[in-house]
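Listed below, chain by chain, are the residues.
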Amino acid sequence: RGQSQLTRPLWKKVLKWCRGTTLPKEVKGEKAPLQHSDLLLDVLIIRGLCVEAASDVTALETFLQSVAAHAEAMAAGTGEGAKSRGEAYGAIARFVAQLY
């Protein structure tokens, strides 16, 4: 906290390197090849997107919608515990966005 001047450029670099791999190339583009492959990575991306959300919330909202769709697909799976895994994935992502 209180270090946004220092961290903002670093988050921009992180998100730049995620584009096309774990984030779509365009804000409202097609899903990236490795998007939602890991909850921790999604949480970090959400944190990075929150940095710019005060001035433009579009990228964060678009990514959260994609996370929600992924969580629903996980919950609809047939494996043991699929429903609870999907629900947890979606809830964690939402709560992290609310935190920041």
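Participant: Break down the overall build of the chain for me, with residues and values.
Facilitator: Counting secondary structure elements, the chain contains four helices and zero strands. The linear arrangement of helices and strands in the chain, starting from the amino end, is α-α-α-α. Here the C-alpha radius of gyration of the chain, 14 Å, is about what a compact globule of 100 residues would show, namely 13 Å. In terms of principal-axis extent, the alpha carbons of the chain reach across some 45 × 25 × 20 Å. Here the chain holds 100 residues, and 33% of them are scored as buried. In the chain, of all internal contacts separated by at least 6 residues, the share reaching a separation of at least 24 is 49%. Element-wise, carbon and sulfur atoms account for 57% of the exposed surface of the chain, whose accessible area totals about 6,700 Å².

Participant: A description of the nonpolar core should follow, citing residues and the corresponding values.
Facilitator: By size, the foremost hydrophobic cluster in this structure holds 18 residues, and its most contacted members are Leu23, Ile45, Ile46, Leu49, Leu60 and Phe63. If you tally residues by element for this core, the top one is helix H2 (residues 39–53), at six residues. Residues within four places of Leu49 in sequence aside, it is in contact with Leu15, Ala59, Leu60 and Phe63.

Participant: Give a description of the state of the cysteines that names residues and reports values.
Facilitator: With the rule as written, the count across this model stands at zero disulfides. Here Cys18 is not disulfide-linked; the sulfur of Cys50 is the nearest cysteine sulfur, at 14 Å.

Participant: I'd like to hear about the packing of helix H1 (residues 4–18) against H2, residue by residue, with values.
Facilitator: Running from N to C, H1 and H2 cross one another at 125 degrees; their axes reach a closest spacing of 9 Å. Classified by the angle their axes make, H1 and H2 are oblique. Relative to H2, the crossing made by H1 is left-handed. Across the interface between the two elements, Arg8, Trp11, Lys12, Leu15 and Cys18 of H1 pack against Leu44, Ile45, Arg47, Gly48, Leu49, Val51 and Glu52 of H2. Residue composition of the contact of H1 with H2, by class: seven nonpolar, one polar and four charged.

Participant: Requested: an account of the packing of helix H3 (residues 58–75) against helix H4 (residues 82–99), with residues and values cited.
Facilitator: In contact at an axis separation of 6 Å, H3 and H4 are set at 165 degrees when each is read in the N-to-C sense. The orientation of H3 with respect to H4, classified from their angle, is roughly antiparallel. Considering how the two elements wind past one another, H3 and H4 form a crossing that is left-handed. Taking contact as the criterion, the partners of Leu64, Val67, His70, Ala71, Met74 and Ala75 in H3 are, on H4, Ala82, Lys83, Arg85, Gly86, Glu87, Tyr89, Gly90, Ala93 and Ala97. Looking at side-chain class alone, the contact of H3 with H4 contains nine nonpolar, three polar and three charged residues.

Basis of the calculations
- Residues numbered from 1 in each chain as written.
- Predicted model: local features only at pLDDT ≥ 70, side-chain atom pairs only at ≥ 80, totals over all residues.
- Heavy atoms only, no water.
- Helix = DSSP H or I, 4+ residues; strand = E, 2+ residues; numbered from the N terminus.
- Rg over C-alpha atoms; globule rule 2.2 N^0.38 Å.
- Buried < 20%, exposed > 50% of the residue type's maximum accessible area, 1.4 Å probe, protein only.
- Contact = heavy atoms within 4.5 Å.
- Areas by Shrake-Rupley, 256 points an atom, 1.4 Å probe, with all protein chains shown as cover.
- Core = buried A, V, L, I, M, F, W, Y, C linked by side-chain atoms within 4.5 Å.
- Disulfide = S-S within 2.5 Å.
- Axes fitted to C-alpha atoms, helices over the stretch in contact; angles between N-to-C directions.
- Parallel < 35°, antiparallel > 145°, perpendicular 65-115°, else oblique.
- Left-handed = near helix turned anticlockwise from the far one by under 90°.
- Nonpolar A, V, L, I, M, F, W, Y, C, P; charged D, E, K, R; others polar.

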